[in-house]
Amino acid sequence: MPKRKQKEIDVCPNCGTKVDKAVKTWNLVSPLPDAEGRITITIMGSYVCPNCGYKWRGVVSKIKAGGSSVEIQGKNGTVKKIGDEKPEKRDEGEIIELDLSDLDEEE
């Protein structure tokens, strides 16, 4: 049976007491980039309820970094973007046409 998604990570799922901060935090880095070429860094946290002693883990925040912008997703799904809002325009470069018959004549 799948677990229910908890709305607020810093509230004890057992008794409902609000916890100030995580006891321990660590980072998880995704091995593959998303469709926009950004790497996702997930910050996980371990919590202990001061009221009932229940222990649980959850996502503290997510960071999507890459290209010219950084996107930070904090508590309760709030998203903050830092950097360029517009995607960069790529230069196509100069097109050079070669005629293979010219190469054969030189030899």
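Quick note: structure is the one above.
These figures come from a predicted structure and were not determined experimentally.

Colleague: Would you explain the pattern of salt bridges in this entry?
Modeller: Here the idea is simple: oppositely charged side chains can pair when their charged atoms come close. Taken as a whole and judged by the stated rule, the model has four salt bridges. Two residues, Arg38 and Glu36, come together in a salt bridge whose shortest N-O distance is 3.6 Å. Among the salt bridges present, the one from Arg38 reaches Glu71, with a minimum N-O distance of 3.0 Å. In this pair, Arg38 is assigned in the loop between strand E1 (24–29) and strand E2 (39–48) and Glu71 in strand E4 (residues 69–73), connecting sequence segments 33 residues apart. Here Glu71 falls in the buried class, since its relative accessible area comes to 17%.

Colleague: Whenever I open this one, the environment of Lys55 confuses me. Can you help?
Modeller: Secondary-structure assignment places Lys55 in strand E3 (residues 55–66). Residue class for Lys55 comes out exposed when judged on its relative accessible area of 63%. Distance from Lys55 to Cys12, taken between C-alpha atoms, is 8.4 Å for residues 43 residues apart in sequence. Setting aside residues up to four positions removed in sequence, Lys55 forms contacts with Tyr47 and Val48.

Colleague: Sorry if this is basic, but what is going on with the nonpolar core here?
Modeller: Soluble globular proteins tend to bury their nonpolar side chains together. Ranked by size, the top nonpolar core spans seven residues in total: Ile9, Cys12, Val19, Ala22, Tyr47, Cys49 and Trp56. Non-local contacts of Ile9, meaning those with residues more than four positions away in its chain, are made with Tyr47, Trp56, Arg57, Gly58 and Val59.

Colleague: Looking at this structure, I do not really get the side chain of Glu71. What am I missing?
Modeller: In terms of polar contacts, Glu71 uses its side chain to reach the side chain of Arg38, at 3.0 Å. Ignoring any residue separated from it by four or fewer positions in sequence, one finds Glu71 in contact with Arg38, Lys62, Ile63, Lys64, Val79, Lys80 and Lys81.

Colleague: Is there a simple way to explain the packing of aromatic side chains in this structure?
Modeller: Aromatic rings considered in pairs are described by the distance between their centres and by the relative angle of their planes. A full pass over the atoms with the stated rule returns two aromatic pairs. When the ring of Tyr47 is compared with that of Trp56, the centres are 5.5 Å apart and the planes differ by 15°; the resulting orientation is stacked. Of the two residues, Tyr47 and Trp56, both sit in the buried class. With 6.1 Å between their ring centres and 20° between their planes, Tyr54 and Trp56 make a pair best called stacked. In this structure an aromatic cluster arises from ring pairing among Tyr47, Tyr54 and Trp56.

What counts, and at which threshold
- Residues numbered from 1 in each chain as written.
- Predicted model: local features only at pLDDT ≥ 70, side-chain atom pairs only at ≥ 80, totals over all residues.
- Heavy atoms only, no water.
- Salt bridge = Lys/Arg side-chain N within 4 Å of Asp/Glu carboxyl O.
- Helix = DSSP H or I, 4+ residues; strand = E, 2+ residues; numbered from the N terminus.
- Buried < 20%, exposed > 50% of the residue type's maximum accessible area, 1.4 Å probe, protein only.
- Contact = heavy atoms within 4.5 Å.
- Core = buried A, V, L, I, M, F, W, Y, C linked by side-chain atoms within 4.5 Å.
- Polar contact = N/O pair within 3.5 Å; in protein donor to acceptor, adjacent residues only side chain to side chain.
- Phe/Tyr/Trp six-rings, centres within 6.5 Å; stacked < 30°, edge-to-face > 60°.

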